[in-house]
Amino acid sequence: MESTRSRIINFLSENQDTYVSGQDISNELEISRSAIWKHMKELEKDGYVIEARPNKGYRIIESPSKVSENTLQWGLSTEWLGKSIIHKESTSSTQIIAHKLAMENAEHGTVVIANEQTAGKGRLNREWHSAKYKGIWLSLVLRPNILPNLAPQLTLLCATVLATVLKEELNLDPKIKWPNDIMLEDKKVAGILTEMQAEQDKINYIVIGIGMNVNHDMKDLPNDIQYRATSLKLQSGKEWDITKLIQSILERFESTYMEYMQNGFSTIKEIWESYGYRIGEKMHIKMFKEVKKAILVGIAEDGALLAQYEDGLVNKVFSGEIEWFSKTE
Ligand code: BT5
């Protein structure tokens, strides 16, 4: 159910050029004038600046830059993704909250977002640095009706969503480094962590974690990763509205996910390959003790990376085997 507060915001924003009278809001939402006044006070705490004129009514003058459940809901045009949003000022990891909610039957499309994570995690329990107010730190709870062995496709799908938002809405030139890193000019700007709870042939739920560095200056990134990490601000020279970016990601994720559920993986695979980092390039691949040269040719249906060796054979590459940063000649 949409909250009264977000209905007020939607109603005011539809009429942003004029004042909306208390009576009109009261009629539209079927609440009392004094209830409206109380909601306005709460909205101000969220960072909205609302002008209230006697005999005229209310008007939004400024929307907040602060991320909150209300600011995220306002203007979010999804059907099911983010209908339930849990927002925290600070938390250990949004993945932990998302798992807990999923086990308590949270609905498909529940979104957990934090302004800061104190113990953000990457794959294999690596650390994910999540500075306060600087980035997007969120987890999605999904209940896809697909076989567990197809789950990696959702990580790849998510990567195409992030890359497309950066390219089409921010005019940047992202690449997806297999399997889950979004790169700008050879540096990592975002990562994805997919975790799943499944039985033999049924997924109970999947939690997809998205971490994206947005408004970091160099000093906001830990020293040891400064040479291989970046932020949207560092790449574009400007600050970005985190709330709007989250909304774009959720909207595009929902439509891409629906398309995937209807038509399968082939479109995603094509889009992924169009963003693929070093696809078409010759790389060093370590196999047992041997190092071989091979051209990265794309990804397989199961999400594996494919390389073509000098003898023409195409094989899957596993993550530990590839030397991303060594030049082949
Ligand atoms: C990832 O792991 O890239 C997955 C990151 C997922 C983070 C999200 S944030 C919301 C949700 N809640 C969580 O707790 N996690 C998810 P991986 O491929 O294993 O990369 C981890 C490595 O990236 C680290 O070992 C560092 O080298 C590097 N790294 C850590 N923080 C970074 C950052 N902010 N930006 C760029 N690189 C970073």
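Quick notes on the rules
- Residues numbered from 1 in each chain as written.
- Predicted model: local features only at pLDDT ≥ 70, side-chain atom pairs only at ≥ 80, totals over all residues.
- Heavy atoms only, no water.
- Pairing = 2+ DSSP bridges.
- Helix = DSSP H or I, 4+ residues; strand = E, 2+ residues; numbered from the N terminus.
- Domains from an automatic or database assignment.
- Contact = heavy atoms within 4.5 Å.
- Buried area = accessible area lost by both parts, 1.4 Å probe.
- Salt bridge = Lys/Arg side-chain N within 4 Å of Asp/Glu carboxyl O.
- Core = buried A, V, L, I, M, F, W, Y, C linked by side-chain atoms within 4.5 Å.
- Buried < 20%, exposed > 50% of the residue type's maximum accessible area, 1.4 Å probe, protein only.
- Near = heavy atom within 4 Å.
- Polar contact = N/O pair within 3.5 Å; in protein donor to acceptor, adjacent residues only side chain to side chain.
- Areas by Shrake-Rupley, 256 points an atom, 1.4 Å probe, with all protein chains shown as cover.

## Points about the sheet that holds strand E13 (residues 314-317)
Here is step 1 of the chain: The five strands lie next to each other as E13-E12-E11-E10-E14, forming an open sheet whose pairing is antiparallel. Among the strands making up the open sheet, the edge pair consists of E13 and strand E14 (322-323).
Here is step 2 of the chain: Of the strand pairs in this sheet, strand E11 (residues 290-299) and strand E12 (residues 305-309) are connected by five bridges, and their pairing is antiparallel. Residue Ile295 lies in a different strand from E12, and its bridge partner there is Gln308.

## A short note on the domain arrangement of the protein
Here is step 1 of the chain: Looking at the assigned domains, one finds that the protein contains domain 1 (4-62), domain 2 (69-275) and domain 3 (282-323).
Here is step 2 of the chain: Just the C-alpha atoms count here: the centres of domain 1 and domain 2 sit 33 Å apart.
Here is step 3 of the chain: Between domain 1 and domain 2, the contact holds 10 residues from the first and five residues from the second.
Here is step 4 of the chain: Together, Ser6, Asp46 and Tyr48 form the three largest contributors to the area buried by domain 1 at its contact with domain 2, with a combined 57%.
Here is step 5 of the chain: Here domain 1 and domain 2 share zero salt bridges between them.

## Describing the nonpolar core
Here is step 1 of the chain: In terms of nonpolar packing, the biggest core is built from 66 residues, with Ile136, Ile208, Met212, Leu232, Ile246 and Phe253 touching the most fellow members.
Here is step 2 of the chain: Sort the elements by how many residues they give to this core and helix H6 (residues 152-169) lands first, with 10 residues.
Here is step 3 of the chain: Taken domain by domain, the makeup of this core includes at least three residues from each of domain 2 (69-275) and domain 3 (282-323).
Here is step 4 of the chain: Excluding its chain neighbours within four sequence positions, the residues that come into contact with Phe253 are Leu81, Leu140, Leu142, Leu157, Cys158, Val161 and Ile208.
Here is step 5 of the chain: Within the second largest apolar cluster, 15 residues are counted, among which are Val20, Ile25, Leu43 and Ile50.

## Some points on the site of the ligand
Here is step 1 of the chain: Taken together, the neighbourhood of the ligand is formed by 28 residues, with Ser93, Lys121, Arg126, Lys188 and Asn213 sitting nearest.
Here is step 2 of the chain: With respect to the ligand, the side chain of Ser93 contributes an N or O atom lying 2.7 Å from an oxygen atom.
Here is step 3 of the chain: Lys121 is positioned such that a nitrogen or oxygen atom in its backbone is 2.7 Å from an oxygen atom of the ligand.
Here is step 4 of the chain: Here the ligand has 800 Å² of accessible area as a free molecule, and 93% of this is covered by the chains.
Here is step 5 of the chain: Mapped by element, the contributors of at least two residues to the shell around the ligand are helix H5 (94-103), strand E5 (135-142), strand E8 (187-199) and strand E9 (202-213).

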